[in-house]
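# Residue-level structure breakdown
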Amino acid sequence: MTQHHDPAKVTTSAHGAQPERIEFSIEGMTCASCVSRVEKAIKAVPGVDTASVNLATERATIHAHGASMSGAIEAAVAGAGYQAHQLTHDHPPHDAMAHHNHNADGLGRDLALAAALTLPIAVFEMGGHLVPAFHHWTMMTLGPWNAWLQFALATLVLAIPGRRFFVSGIPALLKGQPEMNALVALGAGAAWLYSTVVTFAPQLIPAGNDALYFEAAAVIVTLILLGRMLEARAKGRTGAAITALIKLSPKTARVSRDGGAAADMPIEAVRVGDIVLVRPGERIPVDGTVTEGMSHVDESMISGEPAPVAKAAGAAVVGGTVNGGGSFSFRAERVGSDTKLAEIVRMVEAAQGAKLPIEALVDRVTGIFVPAVIVVAILTFLGWYFFGPEPALSLALVNAVAVLIIACPCAMGLATPVSIMVGTGRAAEFGILFRQGDALQALAGADVVAIDKTGTLTEGKPVLTDLIPIGDVARDELLGLVASAEARSEHPIARALQKAAEAEDLPSVEAETFEAVIGNGIRARVEGRMVLVGTARFLGTQGVDLAPLAAEMSRLGEEGKSPILVAIDDKAAGVIAVSDALKPTTAAAIAGLKRLGRRVVMVTGDGKATARAIAQAAGIDEVHAGVMPEGKADVVAELRKGGARVAFVGDGINDSPALAAADIGIAIGTGTDVAIESADVVLMSGDLGGVVTAIGLSKATMRNIGENLFWAFIYNAALIPVAAGLLYAPFGILLSPMLGAAAMALSSVFVVGNALRLKRFRPKGA
């Protein structure tokens, strides 16, 4: 999978042990330059291997060595001008929507104050430019009070709602690590300072350069606050998926503890072993096993399957799912941060906080971008001052401020993470969990989709279809011996044989000895007789003559059934056939993958004839049959020859090596925990159509990221020269700092708004 090829993820480093993953929330970041500064500060801490900081989620993911790195990392981040707080699995899930909406409320209050203070300045100054008579009345009525009033109002704007820019920006500038706040502080501060000198010490300014720019300073702060508020609101919507998941968990549970009477208590107080009572229509509070009662439960939030699932004593229930019309009690087994719902929230949070390989380009550009902008602004000022027309000083100041304001790299910093947030959140709504955020980029580029058969293409619940005795063994005797021999096996075929024997009321005898040969069959002694059940290859290695079985093996294989051979006391005794029906959605999913231009390959341990029959029914043209579990990773390596990128889809323990070896591993969520832990993407339902949806969504997300990056780079590349005055000589066009502030604010809102279009993603055919 992706991390198989990422040295940062597999390196054990000089410390000799695998690094520990730590997560922090980071407060105070506003642009891509902030991300770069925080990352550099964290990476400088001894013991830190890697650090990845995400602007949209405001999180840092760190791999480090050491007993406790928290204090050192928090101190390093504080030294860079930000605040860090370690996150643990015990903390409540992070509600991104509530967090961003809280930020937006604070920004809204500051915006209202800034707008109220800025409006009179704009009316007096801009009104005078637009209506000469109004300017004449202002001068006659207010006189010098006009400038003093503008000074007072603009100072309040910069000192109260605009204080954040100076508190963060000036220290960053003094440290030689300027970021967005530094650009705003420089731009608005320069306009305010120049106007203040004009107001109180006009003799220091050359004649003809006595224009006031208080309105520019105030309007810049107001517009940027407006942009940040809109951005925070929009970013809150990108976290809607997490919010929806968090809200699935009820606040209280009705609990009976130590045999006592049932009482309502906060869900945080529920302990493992408590008996929880669930009434009709209620959400199940935690994970557990039903002890009493019956009902049907809507588990669509976990599996994506709309049909309610019957629950009775012994059945597992999952917190967050919705009970139907019945009532039941269950024993709590996973509570708090251990529940399936909490695990899903952590998976989505981790994916949303990940960095894609494509972001390396953004990081390199923004690392030098802000210092380069300051240099461009200085050159702009000098160029206009020494070579521009009169009033040279005023024009130099205005154009330099315009460059500083319009060049902020906010949009570049948000271009990728907001798309990841919305894309992975939308995927979670379809029951698709990206355990690794960079799987989005890898999956979009997958050329080959290799798929395991049993439990992935098929139901994974084989049934006995044929039982053909050979020689003098009776049919019932053969089935009884085989079922008894298989009683200690967990293989799906073993369960199918046991169910067939139970259906015919055949007695089950406990085997005296039992040995499972993984991928081949079993060897057991039942009532003193040695029973071999398995593949032709297995029985052949045990010295069994297979000739009497050849004709039946061939016939069953051509019918698409999996022939299983039986030998008793080293003699061929019969052929058993089981059939594992294709899932109803398999053929449509394979057709969907082909429409996406993917090469589809089936990988199975079945013989060639059986594999071909199943592949034909599913619509798959390329088959690798007779593959042992350890050989699936070799098949993946073969498929990758020539540079092809391979996604492997599986559900069993024997699929975990192939899931890990592939560029992208996709696990069916109804499969084993080992397979899920080895995968990059988990399909919570057993529907193979989720692969089609996941690939389609990953392509849409990468396309969205490309659009965001294109517009963010084009915006800066096009408007910085305009702000510097490139169009003045040919067309007489200059860009006002206020228009620059509006354009800069709107560029970030545009990027977030474009990412939110992914919330409307629908799978093809849906």
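For clarity, every value in this text was computed on a predicted model and none was experimentally measured.

Taken as a whole and judged by the stated rule, the model has ten aromatic pairs. Relative to Tyr728, the ring of Trp384 lies with its centre 5.1 Å away and its plane at 65 degrees, an arrangement referred to as edge-to-face. Linking Trp384 in helix H13 (residues 359-387) with Tyr728 in helix H29 (residues 728-731), this pair joins segments that are 344 residues apart in sequence. What makes Tyr728 partly exposed here is its relative accessible area of 30%. Considering the side-chain rings of Phe430 and Phe761, the 6.3 Å spacing of their centres and the 85 degrees angle between planes classify their relative orientation as edge-to-face. Of this pair, Phe430 sits in the loop between helix H16 (417-429) and strand S13 (432-434) while Phe761 sits in the segment after helix H30 (737-756); the two residues are 331 residues apart in sequence, bridging distant segments of the chain.

Among the secondary structure elements, Val517 is positioned in strand S16 (residues 513-517). Along the chain, Val517 and Phe538 lie 21 residues apart, while their C-alpha atoms are 8.7 Å from each other. Ignoring any residue separated from it by four or fewer positions in sequence, one finds Val517 in contact with Arg523 and Phe538.

Once that is clear, we can look at the sheet that holds strand S14 (residues 448-452). Taken in spatial order, the seven strands of this open sheet run S13-S25-S24-S23-S14-S21-S22, and their pairing is mixed. Looking at the sheet topology across the chains shown, the edges are occupied by S13 and strand S22 (622-624). Between one strand axis and the next, the sheet turns by 20 degrees as a mean value, whatever way the strands run. As paired strands, strand S24 (residues 664-668) and strand S25 (residues 681-683) are joined by three bridges and run parallel to one another. In the sheet register, Ala667 faces S25, and the bridge partner there is Val682.

Time to look at the packing of helix H7 (residues 163-174) against helix H8 (residues 180-200). The axes of two packed helices give the description: the angle between them and the distance between them. Between H7 and H8, whose axes approach to 7 Å, the crossing angle comes to 105 degrees. With respect to each other, H7 and H8 are oriented roughly perpendicular. In this structure, H7 contributes Arg164, Phe165, Phe166, Ser168, Gly169, Ile170 and Leu173 to the contact, and H8 contributes Asn181, Ala182, Val184, Ala185, Leu186 and Gly189. Split by residue class, the contact of H7 with H8 holds eight nonpolar, four polar and one charged.

Time to look at the nonpolar core. Ile42 and Ile73 are the most contacted members of the largest nonpolar core, which has 137 residues in total. Broken down by element, this core gets its largest block of residues, 14 residues, from helix H28 (residues 689-724). Once residues lying within four places of it in the same chain are set aside, the contact partners of Ile73 are Ile22, Phe24, Ile42, Val45, Val48 and Ile62. Leu467, Leu478, Ile568 and Ile576 belong to the second largest nonpolar core, which has 23 residues in total.

Our focus in this paragraph is the sheet that holds strand S18 (residues 529-534). Ordered by their spatial adjacency, six strands build an open sheet running S15-S20-S19-S18-S17-S16, and the pairing between neighbours is antiparallel. Each of the sheet's edge strands pairs with one partner strand only, and the pair in question is strand S15 (463-469) and S16. Averaged over all adjacent pairs, the angle separating strand axes in this sheet is 20 degrees, with direction ignored. Across six bridges, strand S17 (residues 521-526) lies against S18 in antiparallel orientation. Bridge pairing in S18 links Gly521 to Gly534. Against the sheet, helix H19 (residues 475-485) engages S15, S16, S17, S18, strand S19 (562-568) and strand S20 (571-579), with an angle of about 125 degrees to S15.

What follows is about the pattern of salt bridges. A side chain of one charge can pair with a side chain of the opposite charge when the charged atoms of the two come close. A full pass over the atoms with the stated rule returns 21 salt bridges. Here Asp287 makes a salt bridge to Arg334, at a shortest N to O gap of 3.5 Å. With a gap of 47 residues between them, Asp287 in strand S8 (residues 287-298) and Arg334 in strand S12 (residues 327-334) connect regions that are remote in the sequence. Overall, the relative accessible area of 34% leaves Arg334 in the partly exposed class.

The rules behind these values
- Residues numbered from 1 in each chain as written.
- Predicted model: local features only at pLDDT ≥ 70, side-chain atom pairs only at ≥ 80, totals over all residues.
- Heavy atoms only, no water.
- Phe/Tyr/Trp six-rings, centres within 6.5 Å; stacked < 30°, edge-to-face > 60°.
- Helix = DSSP H or I, 4+ residues; strand = E, 2+ residues; numbered from the N terminus.
- Buried < 20%, exposed > 50% of the residue type's maximum accessible area, 1.4 Å probe, protein only.
- Contact = heavy atoms within 4.5 Å.
- Pairing = 2+ DSSP bridges.
- Axes fitted to C-alpha atoms, helices over the stretch in contact; angles between N-to-C directions.
- Parallel < 35°, antiparallel > 145°, perpendicular 65-115°, else oblique.
- Nonpolar A, V, L, I, M, F, W, Y, C, P; charged D, E, K, R; others polar.
- Core = buried A, V, L, I, M, F, W, Y, C linked by side-chain atoms within 4.5 Å.
- Salt bridge = Lys/Arg side-chain N within 4 Å of Asp/Glu carboxyl O.

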